[in-house]
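One-letter residues, chain by chain:
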Amino acid sequence: MSSGVNAFGKVAVMFGGNSAEREVSLRSGNAVLQALTNAGVDAYGFDPKYQALTELTTSGAQRVFIVLHGRGGEDGTMQGALAQQGLPYTGSGVLGSALAMDKIRCKWLFQAQKLPTAAFAVVHSQDTDFAGLLASLGGKVMVKPANEGSSIGMSAANSAAELEQAIAAALKYDSEILVERWINGREFTVAILNGQVLPIVEMRTPRAFYDYEAKYQANSTEYLCPAPLSAEHTAMMQNTALNAFNAVGATGWGRVDIMLDQDGQHYLLEVNTVPGMTEKSLVPMAAKAAGMSFQQLVLAILTQAQKA
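Residues numbered from 1 in each chain as written. Predicted model: local features only at pLDDT ≥ 70, side-chain atom pairs only at ≥ 80, totals over all residues. Heavy atoms only, no water.

Caption draft 1: A look at the overall build of the chain. Along the chain, the regular secondary structure elements total 12 helices and 13 strands. Taken against the 2.2 N^0.38 rule, which gives 19 Å for 308 residues, the C-alpha radius of gyration of the chain at 19 Å falls within 12% of a compact globule. For the chain, the C-alpha atoms occupy an extent of roughly 60 × 45 × 40 Å along the three principal directions. In the chain, which comprises 308 residues, the share counted as buried stands at 54%. For the chain, long-range pairs separated by at least 24 residues make up 69% of all intrachain contacts whose partners lie at least 6 apart in sequence. Total accessible area computed for the chain in this model is approximately 12,800 Å², and 49% of it derives from carbon and sulfur atoms. (Helix = DSSP H or I, 4+ residues; strand = E, 2+ residues; numbered from the N terminus. Rg over C-alpha atoms; globule rule 2.2 N^0.38 Å. Buried < 20%, exposed > 50% of the residue type's maximum accessible area, 1.4 Å probe, protein only. Contact = heavy atoms within 4.5 Å. Areas by Shrake-Rupley, 256 points an atom, 1.4 Å probe, with all protein chains shown as cover.)

Caption draft 2: Fine view of the side chain of Gln79. Following the sequence through the fold, Gln79 ends up in helix H4 (residues 77-84). The contacts of Gln79, once residues within four sequence positions are left out, are Ile66, Gly73, Glu74, Tyr89, Ser92, Gly93, Val94 and Ser97.

Caption draft 3: Summary view of the sheet that holds strand E3 (residues 63-66). Pairing in this open sheet of 3 strands is parallel, and the strands run E2-E1-E3 from one edge to the other. With partners counted over all chains shown, the strands left at the sheet margins are strand E2 (42-46) and E3, one partner each. In this sheet, neighbouring strand axes are inclined to one another by 30 degrees on average, regardless of whether the strands run parallel or antiparallel. Here 5 bridges tie strand E1 (residues 10-14) to E2, and the two strands are oriented parallel to one another. Paired with Val11 across the bridge in E2 is Ala43. (Pairing = 2+ DSSP bridges. Axes fitted to C-alpha atoms, helices over the stretch in contact; angles between N-to-C directions.)

Caption draft 4: Up close: the environment of Gln306. With respect to the element layout, Gln306 can be found in the segment after helix H12 (294-303). For the pair Gln306 and Val11, spaced 295 residues apart in sequence, the C-alpha to C-alpha distance is 13 Å. The residues touching Gln306, leaving out its near neighbours within four places in the chain, are Pro88, Tyr89, Thr90, Gly91, Ser92, Gly93 and Thr251.

Caption draft 5: Quick look at the pattern of salt bridges. Summed over all chains, the structure comprises 9 salt bridges. Between Lys107 and Glu180 there is a salt bridge whose closest N-O contact spans 2.5 Å. With Lys107 in helix H6 (residues 103-112) and Glu180 in strand E7 (residues 177-181), this pair connects stretches of sequence that are 73 residues apart. As far as the burial class goes, Lys107 and Glu180 line up, both buried. A salt bridge links Glu202 to Arg204, with the nearest nitrogen and oxygen atoms 3.1 Å apart. What makes Arg204 partly exposed here is its relative accessible area of 34%. A single salt-bridge network, built from bridges that share partners, covers Asp102, Arg105 and Glu176. (Salt bridge = Lys/Arg side-chain N within 4 Å of Asp/Glu carboxyl O.)

Caption draft 6: Molecular detail of unusual backbone geometry. The omega angle of the peptide bond from Cys225 to Pro226 is 0 degrees, so this bond is cis rather than trans. Tracing the chain through its elements places Pro226 in the loop between strand E11 (222-224) and helix H10 (231-247). The phi dihedral of Lys114 is positive, around 60 degrees, even though this residue is not glycine. Relative to the helices and strands, Lys114 is located in the loop between H6 and strand E4 (120-123). Lys114 gets classed as exposed once you look at its relative accessible area, which sits at 74%.

Caption draft 7: Summary view of the side chain of Asn272. Looking at the element boundaries, Asn272 is found in strand E13 (residues 266-272). Within the structure, the side chain of Asn272 is placed 3.2 Å from the side chain of Asp257, a separation counted as a polar contact. Discounting chain neighbours no more than four positions away, the residues touching Asn272 are Glu74, Gly254, Arg255 and Asp257. (Polar contact = N/O pair within 3.5 Å; in protein donor to acceptor, adjacent residues only side chain to side chain.)

Caption draft 8: Representation of the packing of helix H5 (residues 94-101) against H6. Between H5 and H6, whose axes approach to 5 Å, the crossing angle comes to 100 degrees. The angle between H5 and H6 places the two elements in the roughly perpendicular class. Of the residues in H6, those in contact with Leu99, Ala100 and Met101 of H5 are Lys103, Arg105, Cys106 and Leu109. (Parallel < 35°, antiparallel > 145°, perpendicular 65-115°, else oblique.)

Caption draft 9: Fine view of the nonpolar core. Counting 47 residues, the largest nonpolar core has Leu36, Leu56 and Phe65 as its most contacted members. Among the elements that take part in this core, H12 stands out by supplying 7 residues, more than any other. By size, the runner-up hydrophobic cluster in this structure holds 21 residues, among which are Ile192, Leu229, Ala241 and Leu260. (Core = buried A, V, L, I, M, F, W, Y, C linked by side-chain atoms within 4.5 Å.)

Caption draft 10: Spotlight on the environment of Met285. Inspection of the secondary structure puts Met285 in helix H11 (residues 282-289). Along the chain, Met285 and Ala7 lie 278 residues apart, while their C-alpha atoms are 27 Å from each other. When sequence neighbours within four positions are dropped, the list of residues in contact with Met285 reads Val201, Tyr223, Cys225 and Lys280.

Spelled out as structure tokens, the structure:
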């Protein structure tokens, strides 16, 4: 074991949890744990669904690698709990995590910072003028719970009846719903690692949009990295992604999702502060295009663990 790896001390890899993204988190966490162990780090798995946080102290953990996706792990609550225990952890702090998780407050921040993002409305109940709302947003929309990831609870709508159904489905996950103008175009993600923007990944799916099935189950999804874009579009999108990441107070590592429409305009979708970390996930894909192995990526993230 090298002295550099030794300096990490005992590392708890936190994955699983209680969110709707538990299954994805288990896959990500196991991949990270394997990579750290292979690198000689004294790492072990920790699932807060079954283990009390006090066990981190009693087990002698000196750092925490957070690979919890969604609520309870990506929204600032776990970050605050770890800070209270004086444990350094990977990724964004409390504020950056909480803001990035909330799609609606992200949109308000993007607007305030004059960053490009699609027109939208916020809905709190089904007591809504569905036809009027749809017309005001161009006749086709994407409906999203404010605080879920992995496309959970999301659906498209291009009629008042579909919009009513979509909002009802999203309300099962959240009391605040984002209704966003549909952007017809290509979807990209821009990974950020310790202040550096990695090569852009383009996601192509024959499905209506890049949904949960396209992300985790379908074999028909294509990934192109570096994305086939002009130098101008690449630079613009990378710059917008970094500005969005900084605007929400995110730090360390993460991913910013962007759409490019048929007129060449790009629009921010969201910021992810604990994106997927399986060997086939998007951040590892971007890191590989930048010449980094999965193990090197994992160690780079761990090196930047937040000081508690």
